[in-house]
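# Structural features, examined
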Amino acid sequence: MDARHTQTANAVLSSSLRLIRSHRRMRAVDIAQGMNMALRSYEHFESGAGRINLERIHRFAEVTDSDPHGILAALALGSPAFALRCADNKLATILAVALQEFDEEAGDAIADLDARTIINAFTKTLKDLADQSVRRDAEAEAWLEQRRGRLMAPAGEDGTGDGA
């Protein structure tokens, strides 16, 4: 890995850790204690200084109840936001577990799969997941809009409810 890529990966790691810590509303000292680290050592880790340490990433994820594989995938994708997006639903860990089971079940037959089949399968599955999320959001918005009118509006000073 060249120095430029390492700097980029370290910056992504730092941003990922900070995003997750902020999302969890945790202080650096709380995470340092949870990881059994001195605060200064944790701050060094969170700043992305030094070599990327898989054990520390996993310990951080355990303390923050986030997705260690999401953090690692964020490094590969160059997207700290991906680490945050996976923090609650553990998407990347679920994918890693599914791949592990696929490896155990399919074994050497994996080598016989052609790239086009793999690309098509993953592309379709991920598009379906994205569509499902958009549909769910649209359905929730429609549900709320349909029922919002039943709520009492705050009364204005003149009692009309229009605030004027």
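The following paragraphs examine the structure supplied in this document. Since the model is a prediction, treat every value here as computed from it, not as a measurement.

## Structural notes on the nonpolar core
With 21 residues, the main nonpolar core has Leu13, Met35, Tyr42, Phe45, Phe60 and Ile71 as its most contacted residues. When residues of this core are traced back to their parent elements, those giving at least two are helix 1 (3-23), helix 2 (28-34), helix 3 (39-46), helix 4 (54-64), helix 5 (68-77) and helix 6 (80-87). Other than its neighbours up to four places away in sequence, Phe60 contacts Leu17, Ile20, Arg21, Ile31, Met35, Tyr42, Phe45, Ser66 and Ile71.

## With respect to a negative patch on the surface
There is a patch of like negative charges on the surface, built from Glu101, Asp103, Glu104, Glu105, Asp108 and Asp112. By secondary structure assignment, the location of Glu101 is in helix 7 (residues 91-106). On the basis of relative accessibility, which here comes to 42%, the residue Glu101 falls in the partly exposed class.

## Details of the environment of Met152
Take Met152: it is sitting in the segment after helix 8 (115-148). For Met152, a relative accessible area of 80% gives the class exposed.

## Some words on the side chain of Ser16
Mapped onto the elements, Ser16 comes out in helix 1. Excluding its chain neighbours within four sequence positions, the residues that come into contact with Ser16 are Ala74, Pro80 and Ala83.

## Regarding the packing of helix 3 against helix 4
Look at helix 3 against helix 4: their axes get within 12 Å of each other, and the N-to-C directions meet at 105 degrees. Here helix 3 lies roughly perpendicular to helix 4, going by the angle between them. Residue-level inspection shows Ser41, Tyr42 and Phe45 of helix 3 in contact with helix 4, the latter providing Arg56, Ile57 and Phe60. Considering only residue class, the contact of helix 3 with helix 4 consists of four nonpolar, one polar and one charged.

## Looking at helix 3
All of the buried residues along helix 3 are Tyr42, Phe45 and Glu46. Down the axis of helix 3, the sector holding all buried residues measures 95 degrees, keeping them to one side.

## Notes on the layout of surface pockets
Quantified by volume, the largest pocket comes out at close to 410 Å³. Taken together, Phe82, Arg85, Cys86, Asn89, Leu91, Ile94, Leu126, Leu129, Ala130, Gln132, Ser133 and Arg136 make up the full set of residues lining the largest pocket. Of all elements in the fold, only helix 6, helix 7 and helix 8 reach the threshold of two or more residues within the lining of the largest pocket. Roughly 240 Å³ of internal volume is contained in the second largest pocket. Residue lining of the second largest pocket: Ala73, Phe82, Leu91, Ala92, Ile94, Leu95, Ala98, Phe122, Thr125, Leu126 and Leu129, and that is the complete set. With five residues, helix 7 is the largest single contributor of residues to the lining of the second largest pocket. Its residues placed into classes, the lining of the second largest pocket shows ten nonpolar, one polar and no charged.

## A few points about a nonpolar patch on the surface
A grouping of Leu95, Leu99, Phe102, Leu113, Ile118, Phe122, Leu126 and Leu129 is seen on the molecular surface, where their side chains present a nonpolar patch of about 700 Å² in accessible area. Counting only elements with at least two residues in the nonpolar patch, the list comes to helix 7 and helix 8. Ranked by residues supplied to the nonpolar patch, first place goes to helix 8 with four residues. Topologically, Leu95 is positioned in helix 7.

## Looking at the packing of helix 4 against helix 5
Two numbers describe how helix 4 lies on helix 5: the axes approach to 8 Å, and their chain directions differ by 130 degrees. Taken together, helix 4 and helix 5 sit at an angle that is classed as oblique. Residue-level inspection shows Leu54, Ile57, His58, Phe60 and Ala61 of helix 4 in contact with helix 5, the latter providing Pro68, His69, Ile71 and Leu72. Across the contact of helix 4 with helix 5, the residue classes break down as seven nonpolar, two polar and no charged.

Cut-off values and rules
- Residues numbered from 1 in each chain as written.
- Predicted model: local features only at pLDDT ≥ 70, side-chain atom pairs only at ≥ 80, totals over all residues.
- Heavy atoms only, no water.
- Core = buried A, V, L, I, M, F, W, Y, C linked by side-chain atoms within 4.5 Å.
- Buried < 20%, exposed > 50% of the residue type's maximum accessible area, 1.4 Å probe, protein only.
- Helix = DSSP H or I, 4+ residues; strand = E, 2+ residues; numbered from the N terminus.
- Contact = heavy atoms within 4.5 Å.
- Patch = residues over 30% accessible without salt bridge, like charges linked within 9 Å, V, L, I, M, F, W, Y side chains within 5 Å.
- Areas by Shrake-Rupley, 256 points an atom, 1.4 Å probe, with all protein chains shown as cover.
- Salt bridge = Lys/Arg side-chain N within 4 Å of Asp/Glu carboxyl O.
- Lys, Arg positive; Asp, Glu negative; His and termini not counted.
- Charge placed at Lys NZ, Arg CZ, Asp CG, Glu CD.
- Axes fitted to C-alpha atoms, helices over the stretch in contact; angles between N-to-C directions.
- Parallel < 35°, antiparallel > 145°, perpendicular 65-115°, else oblique.
- Nonpolar A, V, L, I, M, F, W, Y, C, P; charged D, E, K, R; others polar.
- Arc of directions from axis to C-beta.
- 1 Å grid on protein atoms, 1.4 Å probe; cavity = no way out; pocket = protein on both sides within 12 Å on 5 of 7 lines; lining within 4 Å.
- Points joined across faces, edges and corners; volume = space filled by probe spheres on them.

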